[in-house]
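If you want the building blocks of each chain, they are given just below.
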Protein chains: 2
Amino acid sequence: MTDIITASMVVIGDEILSGRTKDRNIGHLADMMTAVGIDMKEVRIVGDDEEDIAAAVNALRARWDYVFTTGGIGPTHDDITADSVSRAFGVKCEYDRRAYDMLKRHFAARNMEFTEARKRMARMPVGAVHIDNPISIAPGFTIGNVHVMAGVPAIFQAMLDNVIPTLRTGTKLLSVTVHCPFGEGTIGDGLAAIQKAHPDTIIGSYPKYRDGSFWTELVVRARDGAKLDAARAAVQAMVDEIAARAA
Amino acid sequence: MTDIITASMVVIGDEILSGRTKDRNIGHLADMMTAVGIDMKEVRIVGDDEEDIAAAVNALRARWDYVFTTGGIGPTHDDITADSVSRAFGVKCEYDRRAYDMLKRHFAARNMEFTEARKRMARMPVGAVHIDNPISIAPGFTIGNVHVMAGVPAIFQAMLDNVIPTLRTGTKLLSVTVHCPFGEGTIGDGLAAIQKAHPDTIIGSYPKYRDGSFWTELVVRARDGAKLDAARAAVQAMVDEIAARAA
């Protein structure tokens, strides 16, 4: 029996859309979800706009099992994720007592002023649960099926490590790669036939190009090991046959 | 007078969502749009599903001036972008005569069979206009305000170079960065006040973290050079004042 659990992501920030910052969190979340058997199904990147963030969160949380957000939970005026997620859930965004006290102690211990800006980091939707931040203290939070995390990759990754043990995970999707020294045009027909004959597998074809040469990586995915093996063998046989003809 | 032109992007492919392939096209498109004065407003990453691709294309083309898609235009069974975009526009997906002849000649000249799979690359929505592909011949296409391009970065970039001269471009958004040796908490209050005093600028704060140290890059953006300078000077003065107090 297979159990399919799905995830999605909202990446928040004008700096990603302008190209100034290159996202490094999408690939990391995708890798981690695949590793624990959760299927990433959709990602949206939106700017620093409360209505747009709330709309993206609401669209994804209704459709997929989990939503992860990155970005916009710092102390500055353009950090509006807590307000936006509160709006999405129709709840108030308030200072969280425990986060407030934790940050207050943290800054006091460093002889740093607990400014209005820093206090902003203690704000979250009423009813949210903390996601611990071992690096810079200010917590992320979970509300419903939405996990709100930092955009700075080191902090995002640390927060995600804390969230993953709390997730329901699915039957892991197994995958195996068959290297194919030919371009997609050569193997497209054969691959389509193999996909049709192995309906419980997902066969993907990833064209590669470098310095004037094309090759293809053929990836077979399945939740059942025997079915994976059968499809992999069929793909390998096809590649071998084409190679023999070409030789 | 400023003229604001907006863009959006649909990245297509299960391999991006599984983490197997790391996207390199979002950052490139974002950089290029910023360079020519077009605002990227939204990106969606969706899997190889015709209905999902069509829905994303329709949502974005209704809202933003341009949509760029990457991925899913090769010769294999999982390349379904042409069908999906045709569905989004409610038109038929057929062999394009000129693309078909071009590909036929291309493969004949190389003594390669013009397989059913390769023929797939000549399919596009009726009424679409080619986007030339100087690398592997098979064209992308434009229909309405949607530009459909390859996922392989070298080919995507070459196609984009052909599309950019056809776009209406906006008044370029100017930007300047003020380096700030302090974390966001230190400058959040001051920055919020500066943003309020300079409403025609967009002031962003980008926290950086490495090896236990935090710093911040403060980016001021505006379409008007004098307004940019005024806001930049205010931000720099704030940073200098904090540094003087800390010294």
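First, a word on scope: everything that follows refers to the structure included in this document. Since we're looking at a predicted model, the values are computed, not measured.

### Re the interface of chain B and chain A
Taken residue by residue, the interface counts 61 residues in chain B and 61 residues in chain A. Approximately 4600 Å² of surface area, both sides summed, lies buried where chain B meets chain A, with 55% of it carried by carbon and sulfur atoms. Among the residues of chain B in contact with chain A, Leu17, Arg20 and His77 of chain B are the three that bury the most area, contributing 14% of the side total. Where chain B meets chain A, there are six salt bridges. Between Glu217 of chain A and Arg20 of chain B there is a salt bridge whose closest N-O contact spans 2.8 Å. Counting the contacts that link chain B with chain A gives 26 residue pairs in polar contact (both at pLDDT 80 or more). Looking at the side of chain B that touches chain A, the element that brings in the most residues is helix α8 (residues 184-197) of chain B, giving nine residues.

### A few points about the pattern of salt bridges
Pairing is possible between side chains that carry opposite charge, provided their charged atoms lie close to one another. Following the criterion strictly, the structure yields 26 salt bridges over all chains and no others. The salt bridge partner of Arg63 of chain B is Asp52 of chain A, with a shortest N-O separation of 3.0 Å. In this pair, Arg63 of chain B is assigned in helix α3 (residues 50-63) and Asp52 of chain A in helix α3 (residues 50-63), connecting two distinct chains. Taking the shortest distance from any N to any O, the salt bridge between Asp83 of chain B and Arg123 of chain B comes out at 2.9 Å. Placement of Asp83 of chain B in helix α4 (residues 81-89) and of Arg123 of chain B in strand β5 (residues 123-125) is noted, with a sequence separation of 40 residues between them. For Asp83 of chain B, a relative accessible area of 19% translates into the label buried. Look at the salt bridges and you will find they share partners, linking Glu50, Glu51 and Arg87 of chain A into a network.

### Examining the packing of aromatic side chains
Following the criterion strictly, the structure yields eight aromatic pairs over all chains and no others. On the basis of an interplanar angle of 70 degrees and a centroid distance of 5.1 Å, the ring pair of Tyr100 of chain A and Phe114 of chain A is categorised as edge-to-face. In this pair, Tyr100 of chain A is assigned in helix α5 (residues 97-109) and Phe114 of chain A in the loop between α5 and α6 (116-120), connecting sequence segments 14 residues apart. The pair formed by Tyr100 of chain A and Phe114 of chain A is uniform in burial state, with each residue classed as buried. Residues Phe107 of chain B and Phe114 of chain B carry aromatic rings whose centres are separated by 5.9 Å and whose planes lie at 25 degrees to one another, so their mutual orientation is stacked. The residues Phe107 of chain B and Phe114 of chain B share a single accessibility class, namely buried. Across from the ring centre of Phe107 of chain B, 4.8 Å away, lies the NZ or CZ of Arg118 of chain B, which sits over that ring.

### Quick look at the relation of the copies chain B and chain A
For these two chains of identical sequence, chain B goes onto chain A by a turn of 180 degrees and a shift of 0.0 Å along the axis, with RMSD 0.0 Å. When the rotation and shift are considered jointly, the pair of chain copies conforms to a two-fold rotation axis. Closest approach to the rotation axis among the C-alpha atoms of chain B is made by Arg44 of chain B, whose C-alpha sits 2.2 Å away. A symmetric contact is evident, with 100% of the interface residues of chain B recurring at the interface of chain A.

About the cut-offs
- Residues numbered from 1 in each chain as written.
- Chains lettered and ligands numbered in written order.
- Predicted model: local features only at pLDDT ≥ 70, side-chain atom pairs only at ≥ 80, totals over all residues.
- Heavy atoms only, no water.
- Contact = heavy atoms within 4.5 Å.
- Buried area = accessible area lost by both parts, 1.4 Å probe.
- Salt bridge = Lys/Arg side-chain N within 4 Å of Asp/Glu carboxyl O.
- Polar contact = N/O pair within 3.5 Å; in protein donor to acceptor, adjacent residues only side chain to side chain.
- Helix = DSSP H or I, 4+ residues; strand = E, 2+ residues; numbered from the N terminus.
- Buried < 20%, exposed > 50% of the residue type's maximum accessible area, 1.4 Å probe, protein only.
- Phe/Tyr/Trp six-rings, centres within 6.5 Å; stacked < 30°, edge-to-face > 60°.
- Lys NZ or Arg CZ within 6 Å of the ring centre and 35° of its normal.
- Least-squares fit on C-alpha atoms with pLDDT ≥ 70 in both.

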